[in-house]
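Residues per chain are reported as follows:
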Amino acid sequence: MRVDVVTLFPELILQATSHSIVQRAQAAGSLELDCVNPRDFTHDRHRTVDDCPFGGGAGMVMKAEPLVAAIESATKGDPSVPVLLTAPDGEPFTQALAQELAALPRWVVVCGHYEGIDERVREGWITREVSLGDYVLTGGELAALVMLDATVRLLPGVLGNEESAQEESFEGGVLEYPHYTRPAVFRGRGIPEVLTSGHHANVAKWRRTQALVRTRVRRPDLWEKLLPLSKTDQKLLDAYEAEAAQAQVEPSSAWVDEPVSNPE
Ligand code: ADE
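Below, the structure is looked at part by part. Model, not experiment: these values are computed from the prediction. (Residues numbered from 1 in each chain as written. Predicted model: local features only at pLDDT ≥ 70, side-chain atom pairs only at ≥ 80, totals over all residues. Heavy atoms only, no water.)

What about the overall build of the chain?
Line of reasoning, step 1. Of regular secondary structure, the chain possesses 10 helices and eight strands.
Line of reasoning, step 2. Here the C-alpha coordinates of the chain stretch approximately 75 × 40 × 35 Å along the principal axes.
Line of reasoning, step 3. The buried share of the chain, taken over its 264 residues, is 41%.
Line of reasoning, step 4. Within the chain, contacts between residues at least 6 apart in sequence are counted, and of these 74% link residues at least 24 apart.
Line of reasoning, step 5. As displayed, the chain offers around 15,400 Å² of accessible surface, 53% of which is attributable to carbon and sulfur atoms.
Line of reasoning, step 6. Across the chain, the centroid of the 25 positively charged side chains sits 3 Å from that of the 39 negatively charged ones. (Helix = DSSP H or I, 4+ residues; strand = E, 2+ residues; numbered from the N terminus. Buried < 20%, exposed > 50% of the residue type's maximum accessible area, 1.4 Å probe, protein only. Contact = heavy atoms within 4.5 Å. Areas by Shrake-Rupley, 256 points an atom, 1.4 Å probe, with all protein chains shown as cover. Lys, Arg positive; Asp, Glu negative; His and termini not counted. Charge placed at Lys NZ, Arg CZ, Asp CG, Glu CD.)

Here it is as structure tokens:
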């Protein structure tokens, strides 16, 4: 996958992508990353990239000419290359969008700045506008980095363990189940017994149940989309509820974090 980032702060992008998994993806040839700076497409002495808004008001607006020149350099003039813009009024960035981006051979992301960019650029050159959430960042670089990070880890071969990208939060619209590692007792806190039972089918059921319950409690919006549950999921949930009701009467083992002996 090739990604071109149109940014006034290329160092920020290059620095943040020179570590860990995104760096490894580049070294392995899974990701080709480049930055294009609109400032390199200015022709005045001050290399001006922004100007006052027509109609007055506070803040500066990114000028159309250098921005469009930078976008056209990034797409090499190919109109089929998607050009995304980071903007607080864009569509929410989701795992589904990360998956869509991961399937593209090439895309461009434009980092918005100041009060925004000249609306004519949005109309004529931007394919999709993406927001990280309902808050305002000082610039689009952090948003672009988040998009890049979430996307790159979905590329084939980038994560060591292929399964880990599939089982995690949001895949299939559910949050992830809880994880534990050794020691089995940490400062008096144990782990659910089923995890040391060696019974793989029960472990899988427990994990699925936890993922469902966690989604229902923490993210009612995602939960709504899961309904109606599949027969299997409904059965798991019914069993959980029955167990929880039982636990109210007499605390039992399966769903309560009780210390268990260390299997080592
Ligand atoms: N630029 C400023 N705020 C932003 C946000 N919330 N998401 C994406 N880009 C932004």
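There's more to say after this.
Section: the site of the ligand
Line of reasoning, step 1. Every residue near the ligand is listed here: Thr86, Ala87, Pro88, Val130, Ser131, Leu132, Gly133, Tyr135, Val136, Leu137 and Ala143.
Line of reasoning, step 2. Within the contact set of the ligand, a nitrogen atom lies 3.3 Å away from a backbone nitrogen or oxygen of Ala87.
Line of reasoning, step 3. Between the ligand and Gly133 there is a distance of 3.1 Å, counted from a nitrogen atom to a backbone nitrogen or oxygen.
Line of reasoning, step 4. Relative to its free-state accessible area of 260 Å², the ligand is covered by the protein chains to the extent of 96%.
Line of reasoning, step 5. Residue contributions to the shell around the ligand peak at three residues, all from strand 5 (residues 83-92). (Near = heavy atom within 4 Å. Polar contact = N/O pair within 3.5 Å; in protein donor to acceptor, adjacent residues only side chain to side chain.)

A word on a nonpolar patch on the surface
Line of reasoning, step 1. Nonpolar side chains collect at one region of the surface, where Tyr135, Leu137 and Leu142 lie side by side and expose about 280 Å² of accessible area between them.
Line of reasoning, step 2. Tracing the backbone through its elements, the reader meets Leu142 in helix 6 (residues 141-152). (Patch = residues over 30% accessible without salt bridge, like charges linked within 9 Å, V, L, I, M, F, W, Y side chains within 5 Å. Salt bridge = Lys/Arg side-chain N within 4 Å of Asp/Glu carboxyl O.)

So, the sheet that holds strand 3 (residues 50-51)
Line of reasoning, step 1. Here three strands make up an open sheet; going across it, the order is 3-4-7 and the pairing mixed. Edge positions in the sheet fall to strand 3 and strand 7 (116-117), since each of these pairs with one other strand and no more.
Line of reasoning, step 2. Bridging between strand 3 and strand 4 (residues 61-62) involves two bridges; their strand directions are antiparallel. When the sheet's bridge partners are listed, Asp50 is paired in strand 4 with Met62. (Pairing = 2+ DSSP bridges.)

Thoughts on the packing of aromatic side chains
Line of reasoning, step 1. Following the criterion strictly, the structure yields zero aromatic pairs and no others.
Line of reasoning, step 2. The aromatic ring of Trp223 is capped on one face by Arg216, whose charged end is 5.8 Å from the ring centroid. (Phe/Tyr/Trp six-rings, centres within 6.5 Å; stacked < 30°, edge-to-face > 60°. Lys NZ or Arg CZ within 6 Å of the ring centre and 35° of its normal.)

Here we look at the state of the cysteines
Line of reasoning, step 1. Enumeration according to the criterion identifies zero disulfides in this entry.
Line of reasoning, step 2. Of all cysteine sulfurs, the one in Cys35 lies closest to Cys111, which takes part in no disulfide; the gap is 7.9 Å. (Disulfide = S-S within 2.5 Å.)

Observations regarding the environment of Asp118
Line of reasoning, step 1. As for its placement among the helices and strands, Asp118 is situated in the loop between strand 7 and helix 5 (119-125).
Line of reasoning, step 2. On the accessibility criterion, Asp118 (16% relative accessible area) is buried.
Line of reasoning, step 3. Spatially, the C-alpha atoms of Asp118 and Val81 are 21 Å apart, while their sequence positions differ by 37 residues.
Line of reasoning, step 4. Here Asp118 is in contact with Val61, Met62 and Ala64, once residues within four sequence places are set aside.

Notes on the nonpolar core
Line of reasoning, step 1. Among the nonpolar cores identified, the biggest contains 28 residues, and Val3, Trp107 and Val152 are the most heavily contacted of them.
Line of reasoning, step 2. At the level of secondary structure, the elements contributing two or more residues to this core comprise strand 1 (2-6), helix 2 (20-27), strand 2 (32-36), helix 4 (95-102), strand 6 (106-111) and helix 6.
Line of reasoning, step 3. The greatest single-element share of this core, amounting to six residues, is contributed by helix 6.
Line of reasoning, step 4. Setting aside anything within four residues of it in sequence, one finds Val3 in contact with Leu31, Glu32, Leu33, Asp34, Trp107, Val109 and Leu148. (Core = buried A, V, L, I, M, F, W, Y, C linked by side-chain atoms within 4.5 Å.)

Remarks on the pattern of salt bridges
Line of reasoning, step 1. With the rule as written, the count across this model stands at 15 salt bridges.
Line of reasoning, step 2. The residue Arg2 makes a salt bridge to Asp4 at a minimum N-O spacing of 2.9 Å.
Line of reasoning, step 3. We classify Asp4 as buried; its relative accessible area is 1%.
Line of reasoning, step 4. Arg128 is the partner of Glu91 in a salt bridge, and the nearest nitrogen-oxygen pair spans 2.7 Å. Placement of the pair is Glu91 in strand 5 and Arg128 in strand 8 (residues 128-131), with a sequence separation of 37 residues.
Line of reasoning, step 5. We classify Arg128 as partly exposed; its relative accessible area is 28%.
Line of reasoning, step 6. A network of salt bridges, in which partner residues are shared, links Arg2, Asp4, Glu32, Asp34 and Arg106.

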